[in-house]
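Below, each chain spelled out in residue letters.
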Amino acid sequence: MALAPPPPRVLIFPLPLQGPVNSMLKLSELLCLGGLHVTFLVTDHIDARLRRYSNVQSRFRSHPGFRLQAISDGLPENHPRGDKFLEVFESMKVHTKPLFKELLQSGGISCVIADGGLGFPLDVAEEVGIPLFIVRTISAACLWVFFRLPQLIQSGELPFTGDDDLDVMVKSVPGMERYLRRRDLPSFCRSGNVADPNIELYKCESTNNPRATGLILNTFEELESPILSQMRGVCPNIYTIGPLHAHLKAKLAATGTSLPDFSNSLWEEDRFCLVWLDDQPPKSVLYVSFGSLATVTKDQLMEFWHGLVNSGQRFLWVIRQDSVAGEGQVPMELLQGSKERGCIVNWAPQEEVLAHPAVGGFLTHSGWNSTLESVYEGVPMICWPYFLDQQVNSRLVEEEWKLGFDMKDTCDRSVIEKTVRNLMEVRKDEFQRNAAQMACSAKTSLGEGGSSSSHLERLIQDIKAKSVV
Ligand code: UDP
């Protein structure tokens, strides 16, 4: 009797950044549960951090078809990477592309899922003849803005600069005309230059994405439906399977598997903050974190600190060691002065923090993972976007979903104090209600027959059907 062929092996290639690595690991595990084999390809730099700080290796032991594999990004070990990611992209285009091609040509890979932000995997997969699905770990809203960059330029809405009137409404992004202002476009749009390297980088999205076998998005239909229906006019085969972090938990729970301790962190987590949270009253704490890339100046840090302390609210604040420009570490006065109502850590187990009953609000940089994690846990937000998609996401939080405030382009202690009070006290019930409703629709999307759950099933079937042997 002939042996059954092994399942298709999918190569998953995330952008070398915390957010994408985190959500793509969740996708990997979902695909393993769906009966596929997965090779998770990361740069040497990410590979070293994952092996050091995360529990990826032990967690994937129950999936023998999973492999973690590293590839060079062509940069020296001491390159800062993090906030210089355009340099990382450039280097990968030159150095990683040929290595990636060799890898695909060496056989064994049936299908590729690559972050569309990398660009070159699509060309290579087409050349080698392997189906490729693009995955994006930003919001559909931001990707849709990228899709519309050519029209924004044609209509003359781009370029503009930060000195122009940023409250002018933007008309060339259908589905978002009601609320999108210049200031809500990705920050690079303010460069005043249509030849800006970022505009160049993202201008081809509307032609590149439809070339792929399909587009996988970490979102759910009910969250971004007006935008998704516009996008499908350009790129018909879209799989919305988010929020990925919760989707995985839901699938594990449905199969009766006990929930493992997830950690995909590239920094060491300080779990003491969970103990601190245990001692705080329900929904009383504002969680403050600006993600893995954003940096602040010392002045901005002090504005936030005064704003937080003056608001009289409790807060749990993540200040990454490398996040304060020009400072080696968190200023001492800030640590001392926060003791009464605050807790400051280097890096937190964020999903657990947001799920903790003591947390009642999230002051966030509006990274897409953070936004989805907050939406899923029903935690209202104050947004202080740093760059790129965050500028778009924060507008949706305030205007489209009514889940909090968008504080972009201001960093003033009195505004911070007032906004924190508004979220945590004055309009608390309203935001808690809206957030609970949205969290409920996120949960429904992951349940049996829900939108994200059905899209994931379709994705797994399509991978199996289209894989090359
Ligand atoms: N995160 C975390 N601990 C922290 C801060 C962030 O685990 O102290 C995680 C967070 O849960 C999210 C990711 O890091 O999954 C950040 O991704 P996001 O897209 O929000 O922002 P980025 O870091 O890419 O700017």
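Our structure's up above, just so we're on the same page.
Residues numbered from 1 in each chain as written. Predicted model: local features only at pLDDT ≥ 70, side-chain atom pairs only at ≥ 80, totals over all residues. Heavy atoms only, no water.

1. Examining the overall build of the protein chain
Next, step 1: Helices and strands together make up the secondary structure of the protein chain, namely 20 helices and 13 strands.
Next, step 2: Expected size for 469 residues packed as a compact globule is a radius of gyration near 23 Å; at 22 Å, the protein chain falls within 12% of this value.
Next, step 3: For the C-alpha atoms alone, the extent of the protein chain along its principal axes is close to 70 × 55 × 45 Å.
Next, step 4: The proportion of buried residues among the 469 residues of the protein chain is 58%.
Next, step 5: Only carbon and sulfur atoms are counted for the fraction: they give 51% of the accessible area of the protein chain, which is about 18700 Å².
Next, step 6: Looking at charge distribution, the protein chain has the averaged site of its 46 positive side-chain charges lying 3 Å from that of its 56 negative ones. (Helix = DSSP H or I, 4+ residues; strand = E, 2+ residues; numbered from the N terminus. Rg over C-alpha atoms; globule rule 2.2 N^0.38 Å. Buried < 20%, exposed > 50% of the residue type's maximum accessible area, 1.4 Å probe, protein only. Areas by Shrake-Rupley, 256 points an atom, 1.4 Å probe, with all protein chains shown as cover. Lys, Arg positive; Asp, Glu negative; His and termini not counted. Charge placed at Lys NZ, Arg CZ, Asp CG, Glu CD.)

2. Topic: the sheet that holds strand β5 (residues 132-136)
Next, step 1: Strand order in the open sheet made by the seven strands is β3-β2-β1-β4-β5-β6-β7, with parallel pairing throughout. Each edge of the open sheet is held by one strand with a lone partner, namely β3 (66-71) and β7 (238-240). Across the sheet, the mean angle separating the axes of adjacent strands is 20° when strand polarity is ignored.
Next, step 2: In this sheet, strand β6 (residues 214-217) lies alongside β5 in parallel orientation, the contact comprising four bridges. Across the sheet, the residue bridging to valine 135 is isoleucine 216, located in β6.
Next, step 3: Docked against the sheet, helix α20 (residues 451-466) engages β1 (9-13), β4 (111-115), β5, β6 and β7, running at close to 130° with respect to β7. (Pairing = 2+ DSSP bridges. Axes fitted to C-alpha atoms, helices over the stretch in contact; angles between N-to-C directions. Contact = heavy atoms within 4.5 Å.)

3. Description of the pattern of salt bridges
Next, step 1: Across all of its chains, the model carries 30 salt bridges by this definition.
Next, step 2: The partner of arginine 178 in a salt bridge is glutamate 400, with the nearest N and O atoms 2.6 Å apart. With arginine 178 in the loop between α7 (149-154) and α8 (197-202) and glutamate 400 in helix α17 (residues 389-400), the pair connects residues that are 222 residues apart, well separated along the chain.
Next, step 3: Residue class for glutamate 400 comes out partly exposed when judged on its relative accessible area of 25%.
Next, step 4: Shared partners join several salt bridges into a network, and the residues in it are Asp167, Arg181, Arg183, Asp184, Arg190, Arg395, Glu398, Asp406, Lys408 and Asp409. (Salt bridge = Lys/Arg side-chain N within 4 Å of Asp/Glu carboxyl O.)

4. Quick notes on the sheet that holds strand β12 (residues 381-383)
Next, step 1: If you trace the six strands from one edge of the open sheet to the other, you get β10-β9-β8-β11-β12-β13, paired in parallel fashion. Each edge of the open sheet carries a strand with a single partner, namely β10 (342-345) and β13 (404-406). Strand-to-strand twist of the sheet, defined as the mean angle between neighbouring strand axes without regard to direction, takes the value 15°.
Next, step 2: In the sheet, strand β8 (residues 285-289) pairs with strand β9 (residues 314-318) via four bridges, with the strands oriented parallel. Bridging from a neighbouring strand, valine 285 pairs with arginine 314 of β9.

5. So, the pairing of β6
Next, step 1: Alternating positions in β6 separate into two faces, Gly214 and Ile216 on one and Leu215 and Leu217 on the other, with burial throughout.
Next, step 2: For β6 and β7, the ladder comprises three bridges, and the chain directions are parallel. If you follow isoleucine 216 over to β7, its bridge partner there is tyrosine 239.

Honestly, that's just the spatial picture; any functional story needs more than this.
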